[in-house]
Amino acid sequence: MNISIIGTGYVGLPTGVGFASLGHNVCCIDKNIDKVERLNKGQIDIYEDNLKELFDKTVQEGKLTFAYSIKEGIQNADLVILAVGTPTEPNTNKADLTYIKEASKEIAECEIDRHIVIAIKSTVPVGTGDMVEEIINNENCDIVSMPEFLREGFALHDFFNPDRIVIGTNSEKAKNLLQQLYQDKNVLFTDRRSSELIKYASNAFLALKIHYINEIADLCEKAGANVEFVAKGMGLDSRIGNKFLNAGIGFGGSCFPKDTKALLETSKEFDSKMSLVDTVINGNNFRKMKIAKKIADKAKELNPHGEKQIRIAIYGLAFKNNTDDCRESPAIEIIQHLLNEKDLILEVYDPKANENAKKILGDKVNYYECPKLCAYAVDMLVILTEWEEFKNLDYKLILTSMRDDILLDYRNLLDEEEMKSIGFKYERIGKKYD
Ligand code: UDX
């Protein structure tokens with residue numbers, strides 16, 4: 001099949017590489033000419049596991065090409081996938097549909113005279129398919145909703161092993177084409193508006209699950225219980241499931257914060273109530289302040305008279321593991337709160353996200369390429385992203401180089417007994433400490 005994908009970000013590029021590796025002819029289109037030139041030279045701007053290897057292979061096989069003009073990029077397409085960004089609109093909490101509208105106008109100008117399917121993969125509010133149909137205004141084009149559920153950091157894994165493919169359309173022709181594409185997958189066909197809502201309803205539900213376990217963690221800390229046992233016990237009930245019950249520092253990234261806000265706005269537009277989602281948005285914002293305060297309070301304990309500067313090493317800047325993405329990263333927001341405190345010096349390390357963090361935090365913190373150097377002569381070590389790498393460091397060595405011995409593991413990554421036996425004053429989330 002000839003597939004064109006508009007937008008080469010964290011969704012568009014892995015999707016393009018995935019389809020190309022399955023033998024389809026894929027053209028990835030991006031209006032950013034510099035980006036297309038970099039892609040033509042084999043340079044990828046984002047970090048995703050195994051993406052570079054598969055990218056190189058599919059380009060070499062001639063299955064993956066690039067274009068910056070939509071007209072040129074879709075001329076042979078049977079299927080056009082819209083995977084452009086829908087960030088939060090400045091000044092409102094709605095999804096900004098500028099890129100969707102621009103791409104739709106350009107498709108309209110192509111005056112397509114054969115049947116093609118245009119699938120909207122970007123996360124868009126209910127009713128956007130109708131809007132795109134109106135802009136393109138061409139009976140040869142079937143506008144379909146086909147939301148993306150892949151996770152950053154695991155994009156290719158999720159592309160090849162999706163839980164479900166959701167396709168919203170009433171067109172039999174579009175169904176036939178997409179059935180061919182996903183013949184071995186679990187496909188759910190719905191109407192277009194339901195499909196658009198499935199994406200928001202899913203993301204908001206997962207965000208809600210995380211916020212819920214974070215609140216249970218707070219209760220555990222006060223009541224003397226352990227949130228990890230509670231989550232394990234809850235997860236054994238198959239109706240609840242054991243995923244997305246890891247208590248931590250709050251959710252972040254380019255999806256959950258934006259999509260929960262957009263869903264709330266949609267509910268207001270339709271005069272419908274979404275009080276749970278409202279609570280989750282506010283609760284998650286508050287959580288990052290609360291975690292920053294916990295860290296700042298620990299620092300104050302070490303410096304009761306305010307006569308010295310406390311050095312804190314922070315492991316993790318990305319919004320989660322396996323990605324270089326710092327958009328709405330809770331780690332970054334916690335650091336920003338800490339920067340408002342007096343007498344704190346922040347040393348930071350992330351395996352992949354230092355460069356993206358620099359674009360937000362500038363030179364207000366000190367960046368390290370090595371976790372051991374980052375923790376040298378610090379008073380406290382704080383873990384804020386759940387990287388596997390952090391599980392396997394030589395903490396004995398790290399402790400010997402530290403000035404004091406506090407380890408705040410706010411992603412519940414490490415083995416508590418082991419860290420205590422090494423000599424750390426260790427704390428994690430969702431447990432009571434005296
Ligand atoms: C999410 C959805 O999972 C995916 O289906 C959708 O397509 C895009 O949005 P992503 O943003 O890549 O994916 O990250 P995800 O793995 O869902 O994590 C989101 C945030 O929640 C991260 O900050 C993560 O650290 C946090 N999280 C996740 C927790 O705090 N606890 C958990 O148990 C799970």
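Residues numbered from 1 in each chain as written. Predicted model: local features only at pLDDT ≥ 70, side-chain atom pairs only at ≥ 80, totals over all residues. Heavy atoms only, no water.

Our next topic: the nonpolar core. Counting residues in hydrophobic clusters, the biggest one holds 64 residues, and the most contacted among them are I295, I312, Y315 and Y395. The biggest single contributor to this core is helix α12 (residues 275-302), with six residues. Every residue in contact with I312, bar those within four places of it in the chain, is listed here: I295, A299, L344, I345, L346, E347, V378, M380 and V382. One finds I5, F19, F159 and A174 within the second-largest nonpolar core, a separate group that totals 34 residues. (Core = buried A, V, L, I, M, F, W, Y, C linked by side-chain atoms within 4.5 Å. Buried < 20%, exposed > 50% of the residue type's maximum accessible area, 1.4 Å probe, protein only. Helix = DSSP H or I, 4+ residues; strand = E, 2+ residues; numbered from the N terminus. Contact = heavy atoms within 4.5 Å.)

Neighbouring the ligand are 19 residues; F149, L150, E152, F319 and E386 lie closest to it. Here E152 contributes a backbone N or O atom positioned 2.7 Å from an oxygen atom of the ligand. Expressed as a share of its isolated accessible area of 660 Å², the protein-covered part of the ligand is 93%. The dominant element in the shell around the ligand, judged by the number of residues it contributes, is helix α9 (residues 192-223), at three residues. Of the residues contributing to the shell around the ligand, the split by class is nine nonpolar, three polar and seven charged. A domain split of the shell around the ligand shows at least three residues from each of domain 1 (2-190) and domain 2 (208-434). (Near = heavy atom within 4 Å. Polar contact = N/O pair within 3.5 Å; in protein donor to acceptor, adjacent residues only side chain to side chain. Areas by Shrake-Rupley, 256 points an atom, 1.4 Å probe, with all protein chains shown as cover. Nonpolar A, V, L, I, M, F, W, Y, C, P; charged D, E, K, R; others polar. Domains from an automatic or database assignment.)

Quick look at the packing of aromatic side chains now. This model, assessed by the stated rule, comprises 10 aromatic pairs. Ring centres of Y395 and F424 lie 6.3 Å apart, and the angle between their planes is 75°; on these two criteria the pair is classed as edge-to-face. Of this pair, Y395 sits in helix α16 (residues 395-401) while F424 sits in the loop between α17 (416-422) and β14 (425-428), and the two are 29 residues apart along the sequence. Taking the relative accessible area as the measure of exposure, Y395 reaches 2% and is therefore buried. Site record: aromatic cluster; members linked through ring pairs are F19, F159, F160 and Y182. Its guanidinium or amino end placed over the ring of F189, K175 lies 5.8 Å from that ring's centre, counting from NZ or CZ. The ring of Y367 has K358 lying over it, and the distance from NZ or CZ to the ring centre is 5.2 Å. (Phe/Tyr/Trp six-rings, centres within 6.5 Å; stacked < 30°, edge-to-face > 60°. Lys NZ or Arg CZ within 6 Å of the ring centre and 35° of its normal.)

Moving on to the packing of helix α11 (residues 256-269) against α12. Running from amino to carboxyl end, α11 crosses α12 at an angle of 145°, the nearest separation of the two axes being 9 Å. Relative to α12, α11 is oriented so that their crossing is left-handed. Of the residues in α12, those touching α11 at T260, K261, L263 and L264 are V277, D278 and I281. (Axes fitted to C-alpha atoms, helices over the stretch in contact; angles between N-to-C directions. Left-handed = near helix turned anticlockwise from the far one by under 90°.)

Another aspect to go through is the domain arrangement of the protein chain. As far as domains go, the protein chain holds domain 1 (2-190) and domain 2 (208-434). With 18 residues of domain 1 in contact, the opposing surface of domain 2 contributes 19 residues. In total, about 1500 Å² of surface goes out of reach between domain 1 and domain 2, with carbon and sulfur atoms giving 50% of it. Of all residues in domain 1, Y47, N93 and E152 give up the largest surface area on contact with domain 2, accounting jointly for 39% of the area buried on that side. Run the count over domain 1 and domain 2 and you get two salt bridges. The salt bridge involving K94 is made with E269; its shortest N-O contact spans 3.7 Å. Connecting domain 1 to domain 2 are eight residue pairs in polar contact (both at pLDDT 80 or more). Split into classes, the residues belonging to the side of domain 1 that touches domain 2 amount to eight nonpolar, five polar and five charged. (Buried area = accessible area lost by both parts, 1.4 Å probe. Salt bridge = Lys/Arg side-chain N within 4 Å of Asp/Glu carboxyl O.)

Okay, the pattern of salt bridges next. One pass over the full model with this rule turns up 36 salt bridges. R192 serves as the salt-bridge partner of E133, at 3.1 Å between the closest nitrogen and oxygen. Remark: R192 occurs in helix α9 and E133 occurs in helix α6 (residues 128-136); sequence separation between them is 59 residues. In this structure, D237 engages R239 in a salt bridge whose closest nitrogen and oxygen atoms are separated by 2.8 Å. Given the relative accessible area of 75%, R239 is considered exposed. Bridged by salt links that share partners, the residues D130, E133, R192 and R193 form one connected network.

Those residues of helix α8 (residues 172-181) not exposed but buried are A174, L177, L178 and L181. Take α8 and look down its axis: the buried residues cluster within an arc of 90°, on one side only. Exposed positions of α8 whose direction lies more than 90 degrees from the buried face are E172 and Q180. The inward-facing, buried residues of α8 contact β1 (2-6), α1 (12-21), β4 (79-82), β5 (116-120), β6 (141-145) and β7 (165-168). Of the residues flanking the start of α8, the one acting as N-cap is S171, its side-chain oxygen 3.4 Å from the backbone nitrogen of K173. (Arc of directions from axis to C-beta.)

With that out of the way, let us pick up unusual backbone geometry. Residue E328 is not a glycine yet carries a positive backbone phi of 50°. Inspection of the secondary structure assignment puts E328 in the loop between β9 (310-315) and α13 (330-338). Taking the relative accessible area as the measure of exposure, E328 reaches 33% and is therefore partly exposed. The residue D343 is not glycine, and still its phi comes out positive at about 65°. For D343, the location among the structural elements is in the loop between α13 and β10 (344-349).

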